[in-house]
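Breakdown of the fold
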Amino acid sequence: IVIDEVIGMWITLCGIPVTIAWYAAGFFLFRLLDIWKPFPANYIDREWPGARGVVFDDVAAGLMGALLLYLARIAWPYLGATAS
């Protein structure tokens, strides 16, 4: 198990509805951001030496993923709704 990937996923999935669909979206979004490394993840990966850069680029990707999922919940609030 690679701890930086676990941390990034935890951050991405924090605060989203506990459903298979949201978790799948979070997983694929985090993997996309982790591979693509948009700013600031690419800066951290390139400029921070050693283990600190390895871990914190995934933290940055996780924060970006969490923000995008949060915005998706605001834009489409019915997606996380459950039948009552």
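In short, a report on the structure. (Residues numbered from 1 in each chain as written. Predicted model: local features only at pLDDT ≥ 70, side-chain atom pairs only at ≥ 80, totals over all residues. Heavy atoms only, no water.)

1. Brief notes about the overall build of the protein
When you go through the protein residue by residue, the secondary structure sums to four helices and zero strands. Listed by position from the N terminus, the elements making up the protein come as α-α-α-α. Along the three orthogonal principal directions, the C-alpha set of the protein runs to about 50 × 25 × 15 Å. Each of the 84 residues in the protein was classed as buried or not, and the buried ones make up 35%. Once local pairs closer than 6 in sequence are excluded, the contacts in the protein between residues at least 24 apart make up 64%. Surface summary for the protein: the accessible area is close to 5600 Å², and the carbon and sulfur share equals 73%. Looking at the protein, you have 5 positive and 7 negative side-chain charges, and the mean spots of the two groups are 5 Å apart. (Helix = DSSP H or I, 4+ residues; strand = E, 2+ residues; numbered from the N terminus. Buried < 20%, exposed > 50% of the residue type's maximum accessible area, 1.4 Å probe, protein only. Contact = heavy atoms within 4.5 Å. Areas by Shrake-Rupley, 256 points an atom, 1.4 Å probe, with all protein chains shown as cover. Lys, Arg positive; Asp, Glu negative; His and termini not counted. Charge placed at Lys NZ, Arg CZ, Asp CG, Glu CD.)

2. Let's talk about the nonpolar core
Counting residues in each nonpolar core, the largest one holds 14 residues, and the members touching the most others are Ile16, Trp22, Leu33 and Leu69. Elements with a contribution of two residues or more to this core: α1 (3-13), α2 (20-36), α3 (41-47) and α4 (50-75). (Core = buried A, V, L, I, M, F, W, Y, C linked by side-chain atoms within 4.5 Å.)

3. Digging into the packing of α1 against α2
Axis separation between α1 and α2 bottoms out at 9 Å; the angle between their running directions is 130°. On the basis of their axis angle, the class for α1 and α2 is oblique. Here α1 runs over α2; the crossing is right-handed. Residues Glu5, Gly8, Met9, Thr12 and Leu13 of α1 lie in contact with α2, whose contacting residues are Tyr23, Gly26, Phe27, Phe30, Arg31 and Asp34. A class-by-class count of the residues in the contact of α1 with α2 yields five nonpolar, three polar and three charged. (Axes fitted to C-alpha atoms, helices over the stretch in contact; angles between N-to-C directions. Parallel < 35°, antiparallel > 145°, perpendicular 65-115°, else oblique. Left-handed = near helix turned anticlockwise from the far one by under 90°. Nonpolar A, V, L, I, M, F, W, Y, C, P; charged D, E, K, R; others polar.)

4. Quick notes on the pattern of salt bridges
Counting across every chain of the model gives five salt bridges. The salt bridge partner of Lys37 is Asp57, with a shortest N-O separation of 2.6 Å. With Lys37 in the loop between α2 and α3 and Asp57 in helix α4, the pair connects residues that are 20 residues apart, well separated along the chain. Just as Lys37 is buried, Asp57 falls in that class too. Close ionic contact of Arg46 with Glu47 constitutes a salt bridge, the shortest N to O distance being 3.4 Å. For Arg46, a relative accessible area of 55% puts it in the exposed group. (Salt bridge = Lys/Arg side-chain N within 4 Å of Asp/Glu carboxyl O.)

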